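# An overview of the molecular structure
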Amino acid sequence: MASSSNAPIGIFDSGVGGLSVWRALVQRLPHEGTLYLADQAHVPYGPRPLAEVTNYAKGITRFLLAHGAKLIVVACNTASGAALHTLRETFPAMPFVGMEPAVKPAAEATRSGVVGIIATPATFQGKLFQQLVQRFTSEVQLETQTCPGLVELIETGTQDAPETEILLRQYLQPLVERGIDQLVLGCTHYPFLRQAMQRVVGERVTLIDPAPAVARQIERRLRRRRIQALPGTGQHTFFTTGDPLTFAEMAQQLVGYTGAVNGVHWGKDCEIERR
Ligand code: DGL
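For the structure given in this document, a descriptive report is provided here.

Reading the values: the criteria
- Residues numbered from 1 in each chain as written.
- Predicted model: local features only at pLDDT ≥ 70, side-chain atom pairs only at ≥ 80, totals over all residues.
- Heavy atoms only, no water.
- Helix = DSSP H or I, 4+ residues; strand = E, 2+ residues; numbered from the N terminus.
- Rg over C-alpha atoms; globule rule 2.2 N^0.38 Å.
- Buried < 20%, exposed > 50% of the residue type's maximum accessible area, 1.4 Å probe, protein only.
- Contact = heavy atoms within 4.5 Å.
- Lys, Arg positive; Asp, Glu negative; His and termini not counted.
- Charge placed at Lys NZ, Arg CZ, Asp CG, Glu CD.
- Axes fitted to C-alpha atoms, helices over the stretch in contact; angles between N-to-C directions.
- Parallel < 35°, antiparallel > 145°, perpendicular 65-115°, else oblique.
- Left-handed = near helix turned anticlockwise from the far one by under 90°.
- Nonpolar A, V, L, I, M, F, W, Y, C, P; charged D, E, K, R; others polar.
- Pairing = 2+ DSSP bridges.
- Near = heavy atom within 4 Å.
- Polar contact = N/O pair within 3.5 Å; in protein donor to acceptor, adjacent residues only side chain to side chain.
- Areas by Shrake-Rupley, 256 points an atom, 1.4 Å probe, with all protein chains shown as cover.
- Core = buried A, V, L, I, M, F, W, Y, C linked by side-chain atoms within 4.5 Å.
- Phe/Tyr/Trp six-rings, centres within 6.5 Å; stacked < 30°, edge-to-face > 60°.

From N to C terminus, the protein chain includes 11 helices and 11 strands. Scaling as 2.2 N^0.38, a compact globule of 275 residues should have a C-alpha radius of gyration of about 19 Å, and the protein chain matches this with 18 Å. Expressed as lengths along the three principal axes of its C-alpha atoms, the size of the protein chain is roughly 50 × 40 × 35 Å. Considering the protein chain as a whole, with its 275 residues, one finds that 56% of them fall into the buried category. Nonlocal contacts in the protein chain, meaning residues at least 24 apart in sequence, comprise 77% of its contacts between residues at least 6 apart. Charged side chains of the protein chain number 26 positive and 24 negative; the gap between the two group centres comes to 9 Å.

Written out as structure tokens, the structure is:
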């Protein structure tokens, strides 16, 4: 396993959602290089069985390890909920940082006592979320909502279309009516709809994007293992199991990345191969 300080940080998601975490990581740790893999051949992960998502997460981890990652960020709530535990067991030498809905800061900040959480069906079924419910349910009222179709809208770059606002009203209005004053964005795609969401829920509801906290967590893990990059500007490499040109357009639109994107594909035995 590569552990030299100039090795890249591996980061993956089903698609462009993990770019919301990538952006926070690069802002906080500009010296670090990254290897980002978008599994767009399988997006969305949210409606899939947890075992299937776990298999993809293992295949992607092997790919990132083979390309020298020193730490892996599971920049996807769905894959974290389904697979983080298995990944840590299967690759014990590799440090992983995962995502979970940011219920803790929401529970601390709420004044109404009602916290809304939006995420995929698989995230709500996963063990990580069940543990959060057990931990916080006596303190605050948790109101959950899945948002079918939103990930697909973001993946196709149509987040500014009128249908997005219609869907957001349908999903978020009932949460507002139940009295939420905090809305936890429990899917890494959702921060790209932040402004439209804020318009729908109004200024009295605080939206919580965990990406900055995850970037701080990555920094702590690197420091503890003494594997931070040396000063200099990190190089970034992007891979997708989908269409590289489409991903490149989206990466530019969403986070201003203008470099190349490499196409890879799933081979047999759940291994990712270069094209
Ligand atoms: N961005 C992902 C998440 O955080 C996955 C969404 C999906 O593929 O359904 O859950």
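Moving on from the model shown.
With that settled, consider the packing of helix α8 (residues 162-177) against helix α9 (residues 194-201). Contact geometry for α8 and α9: axes closest at 9 Å, N-to-C directions at 50°. On the basis of the axis angle, α8 is oblique to α9. You can see that α8 and α9 cross each other, and the crossing is right-handed. Residues E165, L168, R169, L172, Q173 and V176 of α8 touch α9, and the partners they reach there are A196, M197, R199, V200 and V201. Looking at the contact of α8 with α9, its residues break down into seven nonpolar, one polar and three charged.

Within the open sheet, the seven strands sit side by side as β4-β3-β1-β2-β9-β10-β11. Their pairing is mixed. Two strands bound the open sheet, and with one partner strand each, they are β4 (96-97) and β11 (272-274). Pairing of strand β1 (residues 9-13) with strand β3 (residues 71-74), which is carried by four bridges, proceeds in the parallel orientation. Each bridged residue has a counterpart across the sheet, and for I9 the counterpart in β3 is L71.

This part takes up the site of the ligand. The ligand sits among 14 residues. The nearest are S14, Y45, N77, T78 and H189. Take T188: an N or O atom from its main chain is 2.8 Å from an oxygen atom of the ligand. Contact with the protein chains removes 99% of the 290 Å² of surface that the ligand exposes when unbound. Across the shell around the ligand, the residue classes tally to six nonpolar, seven polar and one charged.

Its location among the elements puts T123 in helix α5 (residues 121-125). Looking at T123, the relative accessible area reads 3%, which means it is buried. For T123, the side chain forms a polar contact with the side chain of T78, separated by 3.3 Å.

Moving on to the sheet that holds strand β8 (residues 206-208). Pairing within the open sheet is parallel, and its four strands lie in the order β6-β5-β7-β8. Strands at the two margins of the open sheet, each flanked by one partner only, are β6 (141-146) and β8. Strand-to-strand twist across the sheet, computed as the mean angle between neighbouring axes with direction ignored, equals 25°. Judged from the six bridges that link them, strand β5 (residues 114-119) and β6 form a sheet pairing that is parallel. By the bridge assignment for β6, I117 is matched with T144. Along the sheet, α8 contacts β5, β6 and β7 (182-185); its crossing angle with β6, the most-contacted strand, is approximately 170°.

This part is about the nonpolar core. Ranked by internal contacts, the top residues of the largest apolar core, which has 52 residues, are L19, V73, L150, L172, L183, M197 and I218. Each residue touching L183, except ones within four places of it in the same chain, is listed here: G116, I117, I118, L172, L175, V201, V205, T206, L207 and I208. One finds F12, A79, M94 and F96 within the second-largest nonpolar core, a separate group that totals 26 residues.

In this section: the packing of aromatic side chains. To describe a pair of aromatic rings, one takes the distance between the centres and the angle between the planes. Evaluation of the coordinates by the stated rule reveals 11 aromatic pairs. Ring geometry for Y45 and Y56: centres 5.9 Å apart, planes at 25°, overall stacked. Here the residue Y45 occupies a position in the loop between β2 (34-38) and α2 (50-66), and Y56 occupies one in helix α2, the gap between them amounting to 11 residues. Neither Y45 nor Y56 differs from the other in exposure class; each is buried. Taken together, the aromatic side chains of W22, Y36, F238, F247 and Y257 make up a single cluster linked through ring pairs.

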